[in-house]
Amino acid sequence: NAGVMQNPRHLVRRRGQEARLRCSPMKGHSHVYWYRQLPEEGLKFMVYLQKENIIDESGMPKERFSAEFPKEGPSILRIQQVVRGDSAAYFCASLEDSRSQTQYFGPGTRLLVL
Amino acid sequence: EDQVTQSPEALRLQEGESSSLNCSYTVSGLRGLFWYRQDPGKGPEFLFTLYSAGEEKEKERLKATLTKKESFLHITAPKPEDSATYLCAVQGGSNYKLTFGKGTLLTVNP
């Protein structure tokens with residue numbers, strides 16, 4: 001009974017490079033959320049996706065950030081041209097369906113931008 | 001805009017010394033209030049969901065309660081393994097996203 005999986009667990013990028021973070025939800029879950037945790041800050045909502053649909057991206061920065069959840073494969077959070085302020089822990093959470101309310105979190109990806 | 005404030009920011013207890021953590025919230029139409037536990041370097045681990053004022057839930061040494069303005073996480077006779085950051089979050093209105101507080105860092109000394 002695998003939980004939410006995220007990879008890589010740690011990612012180091014230089015300024016201007018691209019970062020790709022992957023999330024595989026729990027088996028049978030079709031909804032994925034991405035949150036960002038900055039040092040000394042709480043978890044902040046970024047985006048909510050269902051298979052092949054972006055439901056709510058109100059927490060995503062307007063530039064450089066994008067997310068997808070294809071019909072097959074993991075959800076991907078993509079950050080283009082990373083800057084030092086993007087350094088944070090990025091967590092993915094999954095939800096079984098729209099009737100459920102409890103989100104289950106993955107172990108996170110720690111992104112460090114040099 | 002939904003808001004969550006947790007207090008205290010940090011709490012040190014001796015093993016066996018019971019206490020409570022507070023979560024105050026403002027939300028437009030509460031769908032649920034959630035408590036998570038987060039260990040260093042790990043993702044939040046689900047503990048409880050509370051849906052309406054007056055509701056209580058228990059798990060081992062933890063008990064969560066809910067009023068219209070706040071929630072408490074009561075820890076009875078804590079052990080060192082209860083040391084972690086405890087996060088409170090609300091889900092409001094028609095959105096499914098969670099709004100989190102900054103957490104309470106609990107340290108239980110043997």
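Coordinates for the structure precede this section.
This one's a predicted model, so the numbers in the text were calculated from it and none came from an experiment.

**Looking at the packing of aromatic side chains**
Right, so step 1: In this structure the tally under the stated criterion is 11 aromatic pairs over all chains.
Right, so step 2: Taking 6.0 Å as the distance between ring centres and 70° as the angle between the ring planes, the aromatic pair formed by Y35 of chain A and F45 of chain A counts as edge-to-face. You can see Y35 of chain A sitting in strand β4 (residues 31–37) and its partner F45 of chain A sitting in strand β5 (residues 43–50), a full 10 residues away along the chain.
Right, so step 3: Here F105 of chain A and Y36 of chain B contribute two aromatic rings whose centre-to-centre distance is 5.3 Å and whose plane-to-plane angle is 90°, an arrangement assigned as edge-to-face. Here the residue F105 of chain A occupies a position in strand β10 (residues 104–105), and Y36 of chain B occupies one in strand β4 (residues 30–38), the pair thus bridging two chains.
Right, so step 4: Assessed through its relative accessible area of 10%, F105 of chain A is described here as buried.
Right, so step 5: Judged by its relative accessible area of 0%, Y36 of chain B falls in the buried class.
Right, so step 6: One aromatic cluster is present, formed by Y33, Y35, F45, Y48, Y104 and F105 of chain A together with Y36, F46, Y96 and F100 of chain B through successive ring pairs.

**Some details on the state of the cysteines**
Right, so step 1: The tally for this structure, following the rule as stated, stands at two disulfides over all chains.
Right, so step 2: The side chain of C23 of chain A participates in a disulfide bridge whose partner is C92 of chain A; the two sulfur atoms lie 1.7 Å from each other. Because the torsion about its S-S bond is -45°, the bridge between C23 of chain A and C92 of chain A counts as left-handed. On the criterion of sequence distance, the pair formed by C23 of chain A in strand β3 (residues 19–24) and C92 of chain A in strand β9 (residues 88–95) is long-range, its members being 69 residues apart.
Right, so step 3: Assessed through its relative accessible area of 1%, C23 of chain A is described here as buried.
Right, so step 4: Each sulfur of the disulfide joining C23 of chain B and C88 of chain B lies 1.9 Å from the other.

**Observations concerning the nonpolar core**
Right, so step 1: Ranked by internal contacts, the top residues of the largest apolar core, which has 23 residues, are W34, M46, L77 and Y90 of chain A.
Right, so step 2: Elements supplying a minimum of two residues to this core: β3, β4, β5, β7 (65–68), β8 (75–79), β9 and β11 (109–113) of chain A.
Right, so step 3: Excluding anything up to four places from it in sequence, L77 of chain A contacts A19, R20, L21, W34, M46, M60, S66, A67 and Y90 of chain A.
Right, so step 4: Counting 22 residues, the second largest nonpolar core, distinct from the first, contains V4, L73, Y86 and V90 of chain B.

**Examining the pairing of strand β6 (residues 56–59) of chain B**
Consecutive side chains along a regular strand alternate between the two faces of the sheet.
Residue and element names in this part refer to chain B.
Right, so step 1: The pairing of β6 with strand β7 (residues 62–66) spans four bridges and is classified as antiparallel. Opposite K57, over in β7, you have A64 as the bridge partner.
Right, so step 2: Between β6 and β7, which pair antiparallel one after the other, the connecting turn spans two residues, and E60 there sits at a positive phi close to 55°.

**Some points on the sheet that holds strand β3 (residues 19–26) of chain B**
All names here are of chain B.
Right, so step 1: Here we have five strands laid out as an open sheet, ordered β1-β3-β8-β7-β6, and antiparallel in their pairing. Of all strands in the sheet, those bounded by a partner on one side alone are β1 (3–7) and β6. Pairwise comparison of adjacent strand axes, ignoring direction, gives a mean angle of 15° for this sheet.
Right, so step 2: Bridge analysis of β1 against β3 gives five bridges, and the strand direction is antiparallel. Among the inter-strand pairings, S7 is bridged to a residue of β3, identified as N22.

**Considering the pattern of salt bridges**
Right, so step 1: Under the definition given, this model contains seven salt bridges over all chains.
Right, so step 2: A salt bridge links K57 of chain B to E55 of chain B, with the nearest nitrogen and oxygen atoms 3.8 Å apart.
Right, so step 3: D82 of chain B is the salt-bridge partner of R61 of chain B, the closest N and O atoms lying 2.8 Å from each other. Separated by 21 residues along the polypeptide, R61 of chain B in the loop between β6 and β7 and D82 of chain B in the loop between β8 (70–75) and β9 (84–92) bring together distant segments of the chain.
Right, so step 4: For D82 of chain B, a relative accessible area of 7% puts it in the buried group.
Right, so step 5: If you follow the salt bridges from partner to partner, you end up with E18, R20 and R78 of chain A in one network.

**Focus on the interface of chain A and chain B**
Right, so step 1: Across the contact, 22 residues belong to chain A and 21 residues belong to chain B.
Right, so step 2: When chain A packs against chain B, the two sides together hide about 1700 Å² of surface, and 52% of this comes from carbon and sulfur.
Right, so step 3: When the buried surface of chain A facing chain B is broken down by residue, L43, Q101 and F105 of chain A rank first, second and third, together holding 34% of it.
Right, so step 4: Taken together, the links from chain A to chain B amount to zero salt bridges.
Right, so step 5: Counting residues per element, the ones that place at least two in the side of chain A that touches chain B are β4, β5 and β10 of chain A.
Right, so step 6: Taken together, the residues of the side of chain A that touches chain B break down into nine nonpolar, eight polar and five charged.

Basis of the calculations
- Residues numbered from 1 in each chain as written.
- Chains lettered and ligands numbered in written order.
- Predicted model: local features only at pLDDT ≥ 70, side-chain atom pairs only at ≥ 80, totals over all residues.
- Heavy atoms only, no water.
- Phe/Tyr/Trp six-rings, centres within 6.5 Å; stacked < 30°, edge-to-face > 60°.
- Helix = DSSP H or I, 4+ residues; strand = E, 2+ residues; numbered from the N terminus.
- Buried < 20%, exposed > 50% of the residue type's maximum accessible area, 1.4 Å probe, protein only.
- Disulfide = S-S within 2.5 Å.
- Core = buried A, V, L, I, M, F, W, Y, C linked by side-chain atoms within 4.5 Å.
- Contact = heavy atoms within 4.5 Å.
- Pairing = 2+ DSSP bridges.
- Axes fitted to C-alpha atoms, helices over the stretch in contact; angles between N-to-C directions.
- Salt bridge = Lys/Arg side-chain N within 4 Å of Asp/Glu carboxyl O.
- Buried area = accessible area lost by both parts, 1.4 Å probe.
- Nonpolar A, V, L, I, M, F, W, Y, C, P; charged D, E, K, R; others polar.

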